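A closer look at the structure
Residues per chain, in single letters:
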2 protein chains.
Amino acid sequence: MIMSRIEAPRDEVTGNLVDRLLAGLPAEAVLTDPDVTASYANDMASFCPAGAPAVVVLPRTVEQVQHVMRTAAELRVPVVPQGARTGLSGGANATDDCIVLSLTKMDRILEISPVERIAVVEPGVINATLSRAVNEHGLYYPPDPSSWEMCTIGGNIGTASGGLCCVKYGVTAEYVLGLDVVLADGRLMSTGKRTAKGVAGYDLTRLFVGSEGSLGIVVKATLALRPQPPQQLVLAAEFASAAAACDAVCRIMEGGHVPSLLELMDRTTVKAVNAIANMGLPETTEALLLAAFDTPDPAADLAAVGALCEAAGATQVVPADDAAESELLLQARRLSLTALEAVKGTTMIDDVCVPRSRLGDMLEGVERIAGKYDLTIGVCAHAGDGNTHPTVCFDAADPDESRRARESFDEIMALGLELGGTITGEHGVGVLKKEWLARELGPVGVEMQRQIKQVFDPLGLLNPGKLF
Amino acid sequence: MIMSRIEAPRDEVTGNLVDRLLAGLPAEAVLTDPDVTASYANDMASFCPAGAPAVVVLPRTVEQVQHVMRTAAELRVPVVPQGARTGLSGGANATDDCIVLSLTKMDRILEISPVERIAVVEPGVINATLSRAVNEHGLYYPPDPSSWEMCTIGGNIGTASGGLCCVKYGVTAEYVLGLDVVLADGRLMSTGKRTAKGVAGYDLTRLFVGSEGSLGIVVKATLALRPQPPQQLVLAAEFASAAAACDAVCRIMEGGHVPSLLELMDRTTVKAVNAIANMGLPETTEALLLAAFDTPDPAADLAAVGALCEAAGATQVVPADDAAESELLLQARRLSLTALEAVKGTTMIDDVCVPRSRLGDMLEGVERIAGKYDLTIGVCAHAGDGNTHPTVCFDAADPDESRRARESFDEIMALGLELGGTITGEHGVGVLKKEWLARELGPVGVEMQRQIKQVFDPLGLLNPGKLF
């Protein structure tokens with residue numbers, strides 16, 4: 001397929017490109033076999049076009065990244081930076097004839113300091129690897145996307161990813177103190193600080209967090225750490241309606257509680273989990289809420305939150321007595337996406353975040369949309385943040401169902417905006433939502449964002465076709 | 001003085017400017033009396049040049065701000081945005097013939113939501129006013145600069161200001177979720193979100209925080225709030241050397257403690273406080289450390305931290321038993337700046353933030369610099385953050401002492417950079433440190449920052465001469 005697409009002159013261009021790359025990279029860091037490079041074409045999103053890379057490079061040093069960017073700029077070749085490609089919006093998808101710049105080999109943890117409460121890492125470090133490494137020093141790196149055993153810190157920075165912990169500990173952005181970035185022309189720029197505070201000049205660090213590889217290549221990150229909190233204790237509460245569960249979420253947050261996790265699974269998700277595992281969840285459950293506390297006295301906090309759940313109409317409240325029981329209660333949540341995938345073989349995961357007080361309206365709206373399009377749509381939500389993941393289940397081999405899936409996915413984003421929310425709480429825009437970004441930001445916002453892109457990437461070579 | 005400076009043609013220009021402003025602003029919102037406008041020339045920084053404004057405007061609505069900016073752009077008149085002018089780096093100082101755009105009349109709290117844990121405010125709201133208003137809802141707005149009874153939220157956003165609470169709760173930046181900004185050409189742009197999470201596009205919100213009015217005029221801010229924590233309990237520890245106190249700071253942070261305040265006063269500051277108030281501080285104190293906890297069991301936390309202070313060589317450890325005693329212990333810290341001002345009549349307050357582990361080197365270096373320049377320099381520090389405020393005391397009527405004060409101030413910044421720190425932890429760059437910004441950011445960083453400025457302010461009218 002690639003052979004038929006690339007014409008002879010293109011081959012010459014690619015040959016020249018590879019030669020130039022090899023002038024500054026070892027042979028094993030430059031992959032050209034089309035079968036191999038094709039395996040780097042996609043992240044984990046559905047419905048996102050992906051092109052065929054001309055070459056995949058796997059640099060191990062900052063200098064090698066600089067060489068790649070200089071070469072790309074000279075030859076006007078687009079560059080698509082990649083971490084572990086666990087993204088859900090096509091943000092890491094290749095474009096035709098691009099250089100895929102995989103940062104996975106730059107995977108060293110350079111420093112962990114308990115006094116400064118920082119870690120300094122290369123972008124290819126796996127989230128779980130960092131988390132475990134800092135745990136050994138009594139420290140905690142909170143951001144915990146579902147893919148944490150696979151995804152890289154560089155990818156997390158690119159998408160500003162979140163996770164279950166955000167309701168208490170915030171998203172990746174809050175933990176990035178400073179960056180080393182290779183710019184589009186190959187120059188190296190440092191942003192931010194390694195001190196606890198610092199306000200010298202514009203906050204370019206935060207500009208790069210969530211920029212999806214479109215402004216520069218992150219080659220080093222200084223991350224803030226926290227002291228390791230006590231082991232969390234979990235409570236599960238069942239509700240006879242989604243509205244009652246959402247009411248409980250509002251009561252908990254209004255009550256001044258700070259759970260370390262506050263997750264919601266709707267009826268569809270509970271049924272899907274029951275279908276693949278015997279978790280003992282009653283089929284009559286219309287919504288399941290999971291709350292956790294990692295405070296000095298989590299049992300007392302769980303008791304208070306349990307009472308609020310009951311006041312909101314919970315039919316059953318089950319607090320865990322210990323870590324093992326807590327882990328059991330969380331398993332249903334962890335299985336949710338796998339379970340929803342099993343429904344029809346393919347899923348499309350929305351990422352709409354709404355104000356907490358509109359969570360009930362969001363769930364009601366998703367149910368309406370599922371009915372309208374005759375689809376199964378399960379909702380897991382980081383409920384404490386109002387961040388819902390309506391997950392459209394469909395058979396990718398059925399063109400009509402696929403079309404309905406895509407349409408319902410978009411309608412869910414429209415609903416999110418209507419409720420005062422955002423099209424993406426933590427997954428990013430990528431190619432999947434780029435038509436939607438303009439609707440959220442408005443024309444002035446988009447224009448300013450495009451101009452900033454122009455400042456950092458005047459040739460338009462960095463991850464083209466994403467975001468805008 | 002103003003009469004002699006402005007020539008006749010200039011008067012015509014100013015007359016035209018005032019007429020144009022009055023087309024969209026009520027008469028009482030446009031101040032032209034030179035005696036009055038001159039009173040808007042300065043913030044609270046020493047050694048910062050200030051010009052004479054052509055006019056001061058006090059808009060009350062977004063539309064009026066838009067009218068001011070459109071007028072300024074058409075007539076090419078510089079605009080200096082101002083809050084309460086409590087800044088310490090000259091960032092709000094007028095330039096000659098500028099429009100001073102004071103946001104102090106836009107002072108409405110538009111919304112406080114306990115469920116969403118947000119407040120929506122206009123920029124002129126006083127920090128203390130907001131803090132007290134959210135307290136009534138059981139909520140907490142942490143940023144607490146020393147000037148909190150006077151300074152505005154808009155000014156806090158402009159300088160990304162901090163305070164005593166930052167060691168646990170972070171700086172202003174962490175609490176700004178979204179902004180409405182009037183751009184240099186008068187267009188209105190919304191950034192960010194009012195949801196707990198959101199990653200749609202580049203983070204323009206954070207770009208504006210700390211931009212010192214150089215990118216646009218903040219006319220509305222959505223702020224994150226926290227549940228009100230328990231009343232904090234304070235401990236004071238005296239040390240026979242600054243090095244021992246800094247060692248205690250490192251032990252406390254390395255030990256995984258999360259104090260709500262961790263402040264240090266050096267010998268010079270303790271003596272200055274003794275000179276103006278009878279606080280019972282022993283004259284032999286070489287350094288005083290204040291730690292506080294607002295945890296569920298603050299006494300237990302204070303006991304643990306007290307033991308660490310003793311292990312580091314504290315000569316006396318005094319934990320407060322209740323809120324009243326805690327407040328007494330904090331009074332010495334609150335009096336510090338007033339006390340240091342009383343030494344010679346004028347002070348220059350540095351704002352160097354270093355890695356915690358270099359705090360001892362910083363204090364030692366400041367003492368060396370004080371000796372070299374034959375000056376009194378007292379250090380208060382937000383020690384838990386490594387954020388020091390070396391305060392140079394001098395007689396502004398003595399030219400030689402003034403020169404030495406300025407030189408020592410700069411040498412302290414050089415020392416901070418040498419120790420891996422930043423020239424400003426929370427006060428901003430303004431005009432006072434603009435030569436130093438380039439040293440910290442390096443040429444590539446400065447170039448990218450200038451280009452971002454160019455995007456938002458192509459005519460260079462927004463707070464010219466600041467930052468760069």
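Residues numbered from 1 in each chain as written. Chains lettered and ligands numbered in written order. Predicted model: local features only at pLDDT ≥ 70, side-chain atom pairs only at ≥ 80, totals over all residues. Heavy atoms only, no water.

Under an unreviewed UniProt entry, chain A has the name FAD-linked oxidase C-terminal domain-containing protein and belongs to Streptomyces justiciae. Per UniProt, the comment on chain A under Cofactor (unreviewed entry) is "FAD". (UniProt positions renumbered as here; feature names shortened; annotations may be inferred.)

Scanning chain A from terminus to terminus reveals 15 helices and 18 strands. For 468 residues, the compact-globule estimate of 2.2 N^0.38 gives 23 Å, and chain A sits close to it at 23 Å. Each principal axis of the C-alpha atoms in chain A carries an extent, and together these give about 70 × 60 × 45 Å. Expressed as a percentage of its 468 residues, the buried residues of chain A come to 61%. Taking the intrachain contacts of chain A between residues at least 6 apart in sequence as the baseline, contacts between residues at least 24 apart amount to 73%. Per element, the accessible surface of chain A, about 16700 Å² overall, is 52% carbon and sulfur. (Helix = DSSP H or I, 4+ residues; strand = E, 2+ residues; numbered from the N terminus. Rg over C-alpha atoms; globule rule 2.2 N^0.38 Å. Buried < 20%, exposed > 50% of the residue type's maximum accessible area, 1.4 Å probe, protein only. Contact = heavy atoms within 4.5 Å. Areas by Shrake-Rupley, 256 points an atom, 1.4 Å probe, with all protein chains shown as cover.)

The next point concerns the interface of chain B and chain A. Taken together, the 73 residues of chain B in the interface contact 73 residues of chain A. Three residues stand out in chain B for area buried against chain A, namely Lys197, Val199 and Tyr202 of chain B, and they jointly supply 17% of the buried area on that side. At the junction of chain B and chain A, the tally comes to eight salt bridges. A salt bridge links arginine 187 of chain B to glutamate 447 of chain A, with the shortest nitrogen-to-oxygen separation between them at 2.9 Å. Here chain B is connected to chain A by 26 residue pairs in polar contact (both at pLDDT 80 or more). Secondary-structure elements contributing two or more residues to the side of chain B that touches chain A are strand S9 (188-192), helix H8 (204-208), helix H9 (242-254) and helix H15 (434-456) of chain B. (Buried area = accessible area lost by both parts, 1.4 Å probe. Salt bridge = Lys/Arg side-chain N within 4 Å of Asp/Glu carboxyl O. Polar contact = N/O pair within 3.5 Å; in protein donor to acceptor, adjacent residues only side chain to side chain.)

A separate point is unusual backbone geometry. The residue aspartate 97 of chain A is not glycine, and still its phi comes out positive at about 65 degrees. Structurally, the position occupied by aspartate 97 of chain A is in the loop between strand S3 (79-82) and strand S4 (99-102). Even without being a glycine, phenylalanine 47 of chain B presents a positive backbone phi close to 60 degrees. For phenylalanine 47 of chain B, the location among the structural elements is in the loop between helix H3 (34-38) and strand S2 (55-57).

Now for the domain arrangement of chain A. You'll often see interface size given as the accessible area lost when the parts meet. Looking at the assigned domains, one finds that chain A contains domain 1 (2-102), domain 2 (109-227) and domain 3 (233-418). Using C-alpha coordinates to define each centre, domain 1 of chain A is positioned 39 Å away from domain 3 of chain A. (Domains from an automatic or database assignment.)

For these two chains of identical sequence, chain B goes onto chain A by a turn of 180 degrees and a shift of 0.0 Å along the axis, with RMSD 0.0 Å. Expressed as a symmetry operation, the mapping of one chain copy onto the other fits a two-fold axis. A share of 100% of the interface residues of chain B reappears at the interface of chain A, consistent with the copies meeting face to face through the same patch. (Least-squares fit on C-alpha atoms with pLDDT ≥ 70 in both.)

This part is about the pattern of salt bridges. One pass over the full model with this rule turns up 48 salt bridges over all chains. The shortest N-O distance in the salt bridge between aspartate 185 of chain B and arginine 187 of chain B comes to 3.0 Å. Exposure remark for arginine 187 of chain B: the relative accessible area of 29% places this residue in the partly exposed category. One salt-bridge network, held together by shared partners, links Asp400, Arg403, Arg404 and Glu407 of chain A.

We now examine the sheet that holds S4 of chain A. All names here are of chain A. Taken together, four strands build an open sheet; the order of strands is S1-S2-S4-S3 and the sheet is mixed. Since the sheet does not close on itself, it has two edges, and those belong to strand S1 (30-31) and S3, each with one partner. Pairing of S1 with strand S2 (residues 55-57) involves two bridges; the strand directions are antiparallel. Bridge assignment links leucine 31 to a residue of S2, and that residue is valine 56. Here helix H4 (residues 62-75) sits on the sheet in contact with S2, S3 and S4, set at roughly 165 degrees to S4. (Pairing = 2+ DSSP bridges. Axes fitted to C-alpha atoms, helices over the stretch in contact; angles between N-to-C directions.)

With that settled, consider the sheet that holds strand S8 (residues 176-182) of chain A. Residue and element names in this part refer to chain A. If you trace the five strands from one edge of the open sheet to the other, you get S5-S6-S10-S8-S9, paired in antiparallel fashion. Bordering the open sheet on either side are strand S5 (109-113) and strand S9 (188-192), each of which pairs with just one other strand. For this sheet, the mean inter-axis angle between neighbouring strands, taken without regard to orientation, is 10 degrees. Two elements, strand S6 (residues 118-121) and strand S10 (residues 217-224), share four bridges in a ladder whose sense is antiparallel. Opposite alanine 119, over in S10, you have leucine 223 as the bridge partner. Relative to S5, helix H5 (residues 127-135) is tilted by about 35 degrees, and along the sheet it contacts S5, S6 and S10.

All names here are of chain A. Along the chain, threonine 37 falls in helix H3 (residues 34-38). Within the structure, threonine 37 has its side chain in polar contact with the backbone oxygen of proline 34 (distance 3.3 Å). Excluding anything up to four places from it in sequence, threonine 37 contacts Leu31, Thr32, Pro53, Val55 and Val56.

Now for the packing of helix H13 (residues 359-372) of chain A against helix H14 (residues 399-418) of chain A. All names here are of chain A. At a minimum axis separation of 10 Å, H13 and H14 run at an interaxial angle of 155 degrees. In terms of orientation, H13 and H14 fall into the roughly antiparallel class. Handedness of the H13/H14 crossing: right-handed. The residues of H14 that touch H13, namely those facing Met362, Gly365, Val366, Arg368, Ile369 and Lys372, are Ser408, Glu411, Ile412, Leu415 and Gly416. A per-class count over the contact of H13 with H14 returns five nonpolar, three polar and three charged. (Parallel < 35°, antiparallel > 145°, perpendicular 65-115°, else oblique. Left-handed = near helix turned anticlockwise from the far one by under 90°. Nonpolar A, V, L, I, M, F, W, Y, C, P; charged D, E, K, R; others polar.)

What follows covers H14 of chain A. All names here are of chain A. Taking 1.5 Å per residue as the helical rise, H14 with its 20 residues ought to reach 28 Å, and the 29 Å between its terminal C-alpha atoms agrees with that figure. Along H14, the positions that sit buried rather than exposed are Glu401, Ser402, Arg404, Ala405, Arg406, Ser408, Phe409, Asp410, Ile412, Met413, Leu415 and Gly416. On its buried face, H14 is in contact with helix H12 (323-344), strand S16 (346-349), H13, strand S17 (376-382), strand S18 (387-394) and helix H15 (434-456). Where H14 begins, one side-chain oxygen reaches toward the backbone nitrogen of aspartate 400, 3.0 Å away; that side chain belongs to aspartate 398. Just past H14, the residue glycine 420 takes up positive phi, approximately 85 degrees. (Expected span 1.5 Å × (residues − 1).)

Bringing the environment of cysteine 48 of chain A into the picture now. Residues and elements named next belong to chain A. One can find cysteine 48 in the loop between H3 and S2. For the pair cysteine 48 and lysine 433, spaced 385 residues apart in sequence, the C-alpha to C-alpha distance is 9.7 Å. In this structure cysteine 48 touches Asn42, Ser89, Gly90, Asn93, Val431 and Leu432, once residues within four positions along its chain are discounted.

Regular strands have side chains that alternate between both faces of the sheet. Residues and elements named next belong to chain B. The buried fraction of strand S18 (residues 387-394) is high, at eight of eight residues. Of the two faces of S18, both are covered, the one formed by Asn387, His389, Thr391 and Cys393 as well as the one formed by Thr388, Pro390, Val392 and Phe394. With seven bridges joining them, strand S17 (residues 376-382) and S18 adopt antiparallel strand pairing. Bridge pairing links histidine 382 to asparagine 387 in S18. Counted along the chain from S17 to the antiparallel partner S18, the turn is four residues long, and its residue glycine 386 has a positive phi close to 70 degrees.

Where two aromatic rings form a pair, the distance of their centres and the angle of their planes describe that pair. A complete count under the given rule lists ten aromatic pairs over all chains for this structure. With a centroid separation of 5.2 Å and 15 degrees between ring planes, the pair formed by phenylalanine 47 of chain B and phenylalanine 394 of chain B is classed as stacked. Here phenylalanine 47 of chain B is found in the loop between H3 and S2, whereas its partner phenylalanine 394 of chain B is found in strand S18, with 347 residues between them in sequence. Arginine 439 of chain A extends its terminal NZ or CZ atom over the ring of tryptophan 436 of chain A, reaching a point 3.8 Å from the ring centre. (Phe/Tyr/Trp six-rings, centres within 6.5 Å; stacked < 30°, edge-to-face > 60°. Lys NZ or Arg CZ within 6 Å of the ring centre and 35° of its normal.)

In this section: helix H11 (residues 298-311) of chain A. Residues and elements named next belong to chain A. With 14 residues, H11 extends 20 Å between its outermost C-alpha atoms, agreeing within 8% with the 20 Å of an ideal straight helix rising 1.5 Å per residue. All of the buried residues along H11 are Pro298, Leu302, Val305, Gly306 and Cys309. Here the buried residues of H11 occupy an arc of 110 degrees about the axis, which is enough to place them on one side. Looking at H11, the residues exposed on the side facing more than 90 degrees away from the buried face are Ala303 and Ala311. On its buried face, H11 sits against strand S12 (233-239), helix H9 (242-254), strand S14 (287-293) and strand S15 (314-319). Residue glycine 313 follows H11 closely and has a positive phi angle near 105 degrees. (Arc of directions from axis to C-beta.)

Averaged over every residue, the pLDDT of chain A is 95; residues scoring 70 or more account for 98%. Per-residue pLDDT stays below 50 along residues 1-8 of chain A; that stretch engages in seven contacts with residues further than four places along the chain or on separate chains. (pLDDT = per-residue confidence, 0-100.)

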